[in-house]
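Remarks on the overall topology
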Amino acid sequence: MGVEAEVIVTRRLTLLPLAPHYAEEMAVVLGDPALHRYIGGAPLGVEELRARYVRLAAGSGQADVAWCNWVVRLDAEDRLAGTVQATVTGARAEVAWVVGAAWQGRGIATEAARGMVGWLRAAGVSTVVAHVHPDHGASAAVAAAVGLVATREWQDGEVRWRSGG
């Protein structure tokens, strides 16, 4: 499946395909160490984040695997607030979302994830999978809101959520 991230517009958000020039603003959005409690790692500096975005924007290098990554812009504030991503292999996508601490609790992750999953479905994806830390209730709520169901499967200490085949 040859998908490539496109602009996705929701009621309050615009999901913009990830590009290196977003690194400076995203370093601030993702800079709170507490944000990494469930996602692991530590905040990256601007140059480290820019290098990561260059790698992600270049793609997976595999013809059958598409890396679709977006930054999430909160339109009313004209500010970036997080990211959503999907690794698409055939009709299956593994998805994830992160919203900066300053923007949490406003439904941004749910709206962004719904926009992404809707776009994936329209592109022919039938199975969507996410991995959620068992103690991260907010992320579990996002997974449920986009139609995923917790399974009994685990990967790297996280619960696999799934919809479709």
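Residues numbered from 1 in each chain as written. Predicted model: local features only at pLDDT ≥ 70, side-chain atom pairs only at ≥ 80, totals over all residues. Heavy atoms only, no water.

Pairing between the strands of a sheet is mediated by backbone hydrogen bonds and can be parallel or antiparallel. Taken in spatial order, the eight strands make up an open sheet running S1-S2-S3-S4-S5-S6-S8-S7, and their pairing is mixed. One side of each edge strand has no neighbouring strand; the edge strands of this open sheet are strand S1 (8–9) and strand S7 (149–155). Across two bridges, the pairing between S1 and strand S2 (residues 13–17) is antiparallel. Within the sheet, the bridge partner assigned to Val-9 lies in S2 and is Thr-14. (Pairing = 2+ DSSP bridges. Helix = DSSP H or I, 4+ residues; strand = E, 2+ residues; numbered from the N terminus.)

When their charged atoms lie close together, side chains carrying opposite charge are able to pair. Applying the stated criterion to the full structure yields eight salt bridges. In this structure, the salt-bridge partner of Glu-77 is Arg-106, at a minimum N-O distance of 2.5 Å. In this pair, Glu-77 is assigned in the loop between strand S3 (65–74) and strand S4 (79–89) and Arg-106 in the loop between strand S5 (92–99) and helix H4 (108–122), connecting sequence segments 29 residues apart. A residue is classified by how much of its surface remains accessible, and Glu-77, at 36% relative accessible area, is partly exposed. (Salt bridge = Lys/Arg side-chain N within 4 Å of Asp/Glu carboxyl O. Buried < 20%, exposed > 50% of the residue type's maximum accessible area, 1.4 Å probe, protein only.)

Let us look at unusual backbone geometry. What is expected of a backbone is that most residues other than glycine have negative phi and most peptide bonds are trans. Although it is not a glycine, Asp-78 sits at a positive phi angle of roughly 50 degrees. Under the relative-accessibility criterion, Asp-78 is labelled exposed at 56%.

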